[in-house]
Every structure is written in structure tokens, then in C-alpha cells.
Amino acid sequence: MTDLLAATTMSTAPDAAASVDHVATPLTDARSQLAEAISLLGLSDGLHQMLATPRRELSVAVPLRMDSGESRLYLGYRVQHNFSRGPAKGGLRYAPNVNIDEVRALAMWMTWKCALLDVPYGGAKGGIAIDPREHSMAELERVTRRYTSEILPIIGPERDIPAPDIGTDEQTMAWIMDTYSVNSGYTVPGIVTGKPIALGGSLGRASATSRGVTHIALAALRHVGLDPARSTAAVQGFGKVGADAARFLSEAGVRVTAISDQYGAVSNDGGLDIGALSDHVRATGSVIGFAGAEPLDGADLLTHDVDLLVPAAVEGVLHDGNATEVRASVIVEGANGPTTPAADRILRERGILVVPDILANAGGVIVSYFEWVQANQAYWWRADEVESRLEERMLSAWKHVLGYADARGLSLRTAATALAVERVAEAHRLRGLYP
């Protein structure tokens, strides 16, 4: 474990931040965005160093006893980027390519997301380099409980609150809650968010990120002069975020003509039947072979001829190799970090509006905050209360970012990051440096 707040003794920005154009990774992208905001705001090198460096990191070995009796070892991580505005908050990802730099980047983006939406958290992220599709439920329970026991010293409802992410779900959160509660000697519902409703989860949490993406997408379409009811959309990713985003967009009148998952893509210029596609995916595990559509190469979805593109899968899918071919007028980032800085520059030069992830996909952390509040009060809200408060928060942040960007001639990403960094920097200034 490392606690690096003392990095303020250094006088220059991190080396990685200075070389972001050499190798595009989520971490170099995140640091590049921070460096731009620091320069815009005129903040000091010392503060830049603090904000570029995670406050605390923990790498753990996670042994797993397989159902067969053999043992395997996986690597897990928890990174807490910042605590200045409140306890750390962030998802837990199970994927074979999880690594410490990816987790660092995601934790940093969570800090900005929470600050931008004025949620009283700092950013965190966790992950295990494991493919959950290769394991039974019993094995996933054992690896989750062991990982939780390893990170117990640094998590808690006032310290760091995990949530679901890629490869994890409400059942994963239930196992974490139980493991933490057993070690505490009493039930602690506020240790995680994204829990099952029966264990104190919030109504509306499962679809909150998708609802937030939809609220922002509809506002962005109107902003560029497009009527949502006459607009088309393509959604990359048909998982936690993409599936419900496609459904909500379709319900709002947007014609969703193309959807992809990790195996391929399908399209129908007349509009996909999202309900029937969801049934097909539940039955087969993929969008491939859906009778109501034509097959489409997964990479071609990103350059499909639509008004709205929602990348809702993984990082770095829009880059300098395909940004010149994008035909959408509006891009709303459902995933974290789907657009590289090089692609950002190209898209802006081409007049394509990009709504950044720290704004567009913040619905999940907003309703996670609502769930944490409800758990602390032991009083739960109605679904309509959750959804109306979510919409209010999302649209208020949209207007604030849009106004900031227009007044200063900035892209939405630069405006959103600068606003967030400014709020975190102000919290640092007011709290001071101890000792």
C-alpha cells in the first residue's frame, strides 16, 4: 500500500503526463486531460502532482480454490485517487485485462465525475484480472470474498464504497457486503452500492447510468438542432449501460439502427426492436444472429451513418485511426474513456459534439450516492423520487458544463474536467496540508 500525498515536494508534473502522446493508454489519456485543465486553471506544479497521483493504492494476491480442487492465483487492485471531498467511491471490475494503470485512470475519472456532479465523494476503482465467464458462481463467490478480505483495511462506508462495474453485479456486491459485515460483527449496508433491493439497494440503481446517458443524449441532440424523434443512433456495447440506454433511447423516439457487443454487431436502418434483441441476447449470449437485423462488423458500428453514437463498452475505442471516419453528429460517452485525446482533437475539428464520460455516464454514481444516503438513514425512496432527482442532477450539470464551455470557447470535455478539477483543488486549498 502506498500513500503518496507527500508528492507535493516534487516540483514538476508527472513524467507520464508529459509523454501522453507517445503511447495512448487510459492512464496517459486521463493525465493528459488533467494537464490541460491544470494549464487552463493556472494551478501549481505541486497541486498538479497531487492530483495526478493516487492518494492510496493496494495490490493484492487473490488465491482461488477451484471447484475441481486445484488452486489458482489472481491479482487484484484497489486505487483511491482522492479523499478531499469525501470518502472514495468507485466500481469493481472483473476482466482479464485489468491492470494497475487502468485502475489508476478509472479512479481519477471517478474523482472528476463526483466533483462535477457535486457528489460528496472522491474517486476510487478496483479490479481483479480474471475472466468471470470462465468460472462458476461458487468460484466467483470465493474470489470475491477473498478479495474483499484482502482490501478490508481500506474500505468502509466512511472510507471507500465499491459498486458494480464490468464483470460484476448486484450479487457481487451482496457478497462484499456480507464479508465486510461478518468481519464487523453487524450488518453494514452502506459498505457497497448497487446491492440487491432486498439488502438495501436503491430502486432505479441498476439502470441509473443508462438513464443518465439518455437524459444527456436527448439534451445534446436538441442542442445541435436535432429532433430526437427524427434522429438515429448506434450503441456500442449491449451490457449494463448499452442495453438499457438503447431501450430508453428507443422509448424516447430515437431510432436505434445499430448495436454491437464483444462478438459482433447488427443493424437495421428501419430501427431495431430492442425488446426482441434483448430476448435474443438472453437466449444466445450475443447480438449475433438476431433475426430482425443484418450482420455488421463490430468496428464499423463506430462509423455507422447515424446522428448519435453512444460508445458504452470499454476505453480507447475512438482513436486517431477511426475518428476521421465517424459520421455521427453527437457522441455521448456511456463508457469510461472511450475517446483518446488524439480522437478528441480530430472530432472537435470536424465539428462533432462529444459529451464526456464524466458527465454523460454519471447517473450511476449519482444513484449510488442516493443509495448510500438511504442506507445511512435506513429510509428508502420511491422509484419516481430517485428518477426525478437523477434527471434534475444530470440536466443541471449539463447546463453548467455547456455554459462554462460556451463562455470560454472550450470543448465540453475540457470544460467538464476544468470545472471538476477546480472544485477538487478548492477542497484541497480549504483543508490545507497536514502536517
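Residues numbered from 1 in each chain as written. Predicted model: local features only at pLDDT ≥ 70, side-chain atom pairs only at ≥ 80, totals over all residues. Heavy atoms only, no water.

**Q** Would you explain the packing of aromatic side chains in this entry?
**A** Centre-to-centre distance and the angle between the planes together describe a pair of aromatic rings. Using the criterion set out here, one finds five aromatic pairs in the structure. Relative to Trp372, the ring of Tyr121 lies with its centre 5.2 Å away and its plane at 65°, an arrangement referred to as edge-to-face. Separated by 251 residues along the polypeptide, Tyr121 in the loop between helix H4 (100-116) and strand S5 (122-129) and Trp372 in helix H12 (residues 363-377) bring together distant segments of the chain. Measuring from centroid to centroid gives 5.1 Å for Phe370 and Trp381, while their planes differ by 50°, and the two rings are tilted. Within this pair, whereas Phe370 is found in helix H12, its partner Trp381 is found in the loop between H12 and helix H13 (383-408), the two being separated by eleven residues in sequence. (Phe/Tyr/Trp six-rings, centres within 6.5 Å; stacked < 30°, edge-to-face > 60°. Helix = DSSP H or I, 4+ residues; strand = E, 2+ residues; numbered from the N terminus.)

**Q** Teacher, can you tell me more about the confidence of the model for the protein here?
**A** Predicted coordinates in regions of low pLDDT should not be interpreted in detail. Per-residue pLDDT for the protein has a mean of 92; in total, 95% of the residues score no lower than 70. Counting contacts from residues 1-22, a segment whose pLDDT is below 50, to residues more than four positions away or on other chains yields 36 contacts. (pLDDT = per-residue confidence, 0-100. Contact = heavy atoms within 4.5 Å.)

**Q** Just checking my understanding: could you explain the layout of surface pockets for this structure?
**A** Where empty space is left can be seen by rolling a probe of water-molecule size over the atoms. Here the second largest pocket is characterised by a volume of approximately 440 Å³. Elements that contribute at least two residues to the lining of the second largest pocket include exactly helix H2 (26-41), helix H10 (341-349), strand S13 (353-355), H13 and helix H14 (412-431). With five residues, the top contributor of residues to the lining of the second largest pocket is H10. (1 Å grid on protein atoms, 1.4 Å probe; cavity = no way out; pocket = protein on both sides within 12 Å on 5 of 7 lines; lining within 4 Å. Points joined across faces, edges and corners; volume = space filled by probe spheres on them.)

**Q** Honestly, the environment of Ala115 in this entry has me stumped. Any pointers?
**A** Looking at the secondary structure, you find Ala115 in helix H4. Between the alpha carbons of Ala115 and Tyr94 there is a distance of 26 Å; along the sequence they are 21 residues apart. Ignoring sequence-local partners within four residues, the contact set of Ala115 consists of Arg85, Ala420, Arg423 and Val424.

**Q** What's the story with the sheet that holds strand S12 (residues 330-332) in this structure? I'm lost.
**A** With mixed pairing, the seven strands of this open sheet are ordered in space as S10-S9-S8-S7-S11-S12-S13. What marks the edges here is a single partner per strand, and that holds for strand S10 (294-296) and S13. Averaged over all neighbouring strand pairs, the angle between strand axes comes to 20°, with direction disregarded. Along the sheet face, helix H7 (residues 208-223) touches strand S11 (308-311), S12 and S13 and points at about 165° away from the line of S12. (Pairing = 2+ DSSP bridges. Axes fitted to C-alpha atoms, helices over the stretch in contact; angles between N-to-C directions.)

**Q** I keep staring at the pattern of salt bridges and nothing clicks. Help me out?
**A** A side chain with one charge can pair with a side chain of the opposite charge if their charged atoms come near. The full count for this structure, using the stated rule, is 25 salt bridges. The partner of Glu251 in a salt bridge is Arg247, and the shortest N-O contact between them spans 3.6 Å. A residue pair is termed a helical-turn pair when its members lie 3 or 4 positions apart in one helix, as Glu251 and Arg247 do in helix H8 (residues 242-251) at four residues. Residue classification places Glu251 among the exposed positions, given a relative accessible area of 58%. Note that Asp344 and Arg413 form a salt bridge whose closest N and O atoms lie 2.3 Å from each other. Taken together, the residues span a long stretch of sequence, with Asp344 in helix H10 and Arg413 in helix H14 at a distance of 69 residues. Residue Arg413 is classed as buried on the basis of its relative accessible area of 7%. Each member of the salt-bridge network shares a partner with another, and the members are Arg93, Glu102, Lys125, Asp165 and Glu315. (Salt bridge = Lys/Arg side-chain N within 4 Å of Asp/Glu carboxyl O. Buried < 20%, exposed > 50% of the residue type's maximum accessible area, 1.4 Å probe, protein only.)

**Q** Please clarify how the domain arrangement of the protein should be interpreted in this entry.
**A** Interface size is often expressed as the accessible area that is lost when the parts come together. Splitting the protein by domain gives domain 1 (54-187) and domain 2 (208-355). On a C-alpha basis, the centroid separation for the pair domain 1 and domain 2 is 28 Å. Opposite the 13 residues of domain 1 that make contact, domain 2 presents eight residues. Carbon and sulfur atoms make up 42% of the area that domain 1 and domain 2 hide from each other, which totals about 640 Å². (Domains from an automatic or database assignment. Buried area = accessible area lost by both parts, 1.4 Å probe.)

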